[in-house]
Amino acid sequence: MIAVLLIIMIAVFSIITENPIKIIYIIYKGNILLLYSFLLITLSEIIKSFRLYYICNSSKKCKINFIEAMEIQFNGFFAGTITPGNFGGVPTIAGLISKYSQTPMGEAFGISSLQSFFDGIIPSVVSFVLSLYYLPKSIGITIFSFLTIIFWILVFNVNIKNFFMKLISKIGKDNIKQRIIYEIDRFQNLLRIAGNKKIIINSIAITIVAYIIQVFSISILLKNLDITYLNIFIALMFNYSMASFPTPAGEGGAEYGLALLLPLNVVILWRLTYVFSGLISGGFSYLTFKKLKKS
C-alpha cells in the first residue's frame, strides 16, 4: 500500500507540474522549510491525540492515558495514510482503544467514529458552503463535502441502526447475529455523548486549534507569497473535504482541493510533507506491534 501511495503521488505531481524533473527542483527549493512544516503537522496530530484522550475519558466507557492516546492517534494517522479514502484510520483506532482499555468493540468504534467525525464534518460544512463561491471549478469539492455530511447524518440516525439490526436478524447464525446486534447497539449508545454540549464544544475547539497549526504548516512554505491566512484555511478545508477520494491518503483529490487557492509548488511541498508525516507515523505501528506481541 505504501508503494501504491508513492506511485500515485508521483503520478499526480507529474501531471500537475507537467514535468517530473520539476518536482525535484521544487522539493530542493523547499529545503529546511519542509522540516518545519513536518514538525507543525506532527504537533497538530499531538493536539488531536489530546482530543482522543478527552473524548475517550469523557465517555466514561474507556480509560486511556495521554501517551496511549498519542500512540493510538499516530497509528490511525498511518493507517489512514496508506488506505483508500483514509478509511483505515477508524478501525485501527477502534481496535487499539478496545485493546488498551478493554472497551467493547462497539463502544470503541463509537469513540473512534466521534474522533473521525470532527475531522470530517467541520471541513465538509465549511467546504460545502464556500465551494459554492468557487463554482464551477470547485464542483468536486461541493459533491464530496455534501456526501460526507449526508454520511454523518446517516451514522447518527437511529432509524438506520434499526434497519441494520432487522437486516442482520434475518441472516447468519444466532450467536453471530446477537454479537453483531450487541456491538451495533453499543456503538449507537456511545454516539449519544454527541448530545453533550460541553464535549462537543471542547472537541470542536481542540480540532480548530489543530487546524490552525496546520495552517501555519502551509504558510511557512509560502515564503514571501501574498496569500492570506483565511485563504490558506479554506484551502486546508478543501483538502480535508477531499480526503475521502478513493485513493491512498486521498491522493489526487486532496491536491485538487488545495490547488484551487494555493500555488502548485506549495501544494506539492505540503502534500509531500503531510504524506511522509503519516508514513513516519508507521514507526508507532511497529512499536505497538512489538508491544502487543509481547503481551
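What counts, and where the lines are drawn
Residues numbered from 1 in each chain as written. Predicted model: local features only at pLDDT ≥ 70, side-chain atom pairs only at ≥ 80, totals over all residues. Heavy atoms only, no water. Patch = residues over 30% accessible without salt bridge, like charges linked within 9 Å, V, L, I, M, F, W, Y side chains within 5 Å. Areas by Shrake-Rupley, 256 points an atom, 1.4 Å probe, with all protein chains shown as cover. Salt bridge = Lys/Arg side-chain N within 4 Å of Asp/Glu carboxyl O. Buried < 20%, exposed > 50% of the residue type's maximum accessible area, 1.4 Å probe, protein only. Helix = DSSP H or I, 4+ residues; strand = E, 2+ residues; numbered from the N terminus. Expected span 1.5 Å × (residues − 1). Bend = angle between axes of the 7 residues up to and from the residue. Core = buried A, V, L, I, M, F, W, Y, C linked by side-chain atoms within 4.5 Å. Contact = heavy atoms within 4.5 Å. Axes fitted to C-alpha atoms, helices over the stretch in contact; angles between N-to-C directions. Parallel < 35°, antiparallel > 145°, perpendicular 65-115°, else oblique. Nonpolar A, V, L, I, M, F, W, Y, C, P; charged D, E, K, R; others polar. pLDDT = per-residue confidence, 0-100. Phe/Tyr/Trp six-rings, centres within 6.5 Å; stacked < 30°, edge-to-face > 60°.

Side note on a nonpolar patch on the surface
Next, step 1: Together, Leu 132, Leu 135, Ile 139, Ile 143, Phe 146, Leu 147, Ile 150, Ile 153 and Leu 154 make up a nonpolar patch on the protein surface, roughly 780 Å² of accessible area in all.
Next, step 2: Among the residues examined, Ile 143 registers a relative accessible area of 44% and is labelled partly exposed.

Some thoughts on the pattern of salt bridges
Next, step 1: Overall, the coordinates contain 5 salt bridges when judged by the stated rule.
Next, step 2: The shortest N-O distance in the salt bridge between Lys 48 and Asp 119 comes to 3.6 Å. Here Lys 48 is found in helix 3 (residues 32–58), whereas its partner Asp 119 is found in helix 6 (residues 105–131), with 71 residues between them in sequence.
Next, step 3: Note that Glu 255 and Arg 271 form a salt bridge whose closest N and O atoms lie 3.2 Å from each other. Of this pair, Glu 255 sits in helix 12 (residues 253–259) while Arg 271 sits in helix 13 (residues 264–280), and the two are 16 residues apart along the sequence. Neither Glu 255 nor Arg 271 differs from the other in exposure class; each is buried.
Next, step 4: It is possible to trace a salt-bridge network through shared partners that takes in Glu 45, Lys 48, Arg 51 and Asp 119.

Observations regarding helix 6
Next, step 1: Compared with an ideal rise of 1.5 Å per residue, which puts 27 residues at 39 Å, helix 6 spans 37 Å between its outermost C-alpha atoms and is within 8% of the ideal.
Next, step 2: At Phe 117, helix 6 shows its strongest bend, of approximately 30 degrees.
Next, step 3: In terms of burial, helix 6 is largely enclosed, as 19 of its 27 residues are buried.

With respect to the nonpolar core
Next, step 1: Counting residues in each nonpolar core, the largest one holds 67 residues, and the members touching the most others are Ile 72, Ile 97, Ile 218, Leu 236, Leu 262 and Trp 270.
Next, step 2: A total of 9 residues in this core trace back to one element, the largest contributor, which is helix 13.
Next, step 3: Non-local contacts of Ile 72, meaning those with residues more than four positions away in its chain, are made with Leu 52, Ile 64, Ile 93, Leu 96, Ile 97 and Tyr 100.

Some thoughts on the packing of helix 2 (residues 20–30) against helix 13
Next, step 1: Between helix 2 and helix 13, whose axes approach to 10 Å, the crossing angle comes to 75 degrees. Accordingly, the angle class assigned to the pair helix 2 and helix 13 is roughly perpendicular. Here helix 2 contributes Ile 26, Ile 27 and Gly 30 to the contact with helix 13, which in turn contributes Asn 265, Ile 268, Leu 269 and Leu 272.
Next, step 2: For the contact of helix 2 with helix 13, the class distribution of residues is 5 nonpolar, 2 polar and no charged.

Points about the side chain of Ser 145
Next, step 1: If you trace the backbone, Ser 145 turns up in helix 7 (residues 139–155).
Next, step 2: Excluding residues within four positions of it along the chain, Ser 145 makes contact with Ser 124, Ser 127, Phe 128 and Ser 241.

Concerning the confidence of the model for the protein
Next, step 1: Residues at a pLDDT of 70 or more form 82% of the protein, whose mean pLDDT is 84.
Next, step 2: The element-level mean pLDDT for the protein is lowest in helix 9 (residues 174–190), coming to 58, with helix 11 (residues 229–241) highest at 94.

Things to note about the packing of aromatic side chains
Next, step 1: This structure, assessed with the given rule, holds 15 aromatic pairs.
Next, step 2: When the ring of Phe 77 is compared with that of Tyr 274, the centres are 5.3 Å apart and the planes differ by 65 degrees; the resulting orientation is edge-to-face. With Phe 77 in helix 4 (residues 66–82) and Tyr 274 in helix 13, this residue pair connects regions lying 197 residues apart in the sequence. Note on accessibility: Phe 77 and Tyr 274 belong to one class, buried.
Next, step 3: When the ring of Tyr 133 is compared with that of Tyr 134, the centres are 5.0 Å apart and the planes differ by 90 degrees; the resulting orientation is edge-to-face.
Next, step 4: Site record: aromatic cluster; members linked through ring pairs are Phe 77, Tyr 211, Tyr 240, Trp 270 and Tyr 274.

Describing the packing of helix 1 (residues 2–17) against helix 13
Next, step 1: Contact pair helix 1 / helix 13: the axes reach a minimum separation of 11 Å and the direction vectors enclose 175 degrees. Taken together, the axes of helix 1 and helix 13 are roughly antiparallel relative to one another. Taken together, the residues of helix 13 that come into contact with helix 1 (itself represented by Ile 2, Leu 5, Leu 6, Met 9, Phe 13, Ile 16 and Thr 17) are Leu 264, Ile 268, Arg 271, Leu 272, Val 275, Phe 276 and Leu 279.
Next, step 2: Residues belonging to the contact of helix 1 with helix 13 are distributed by class as follows: 12 nonpolar, 1 polar and 1 charged.

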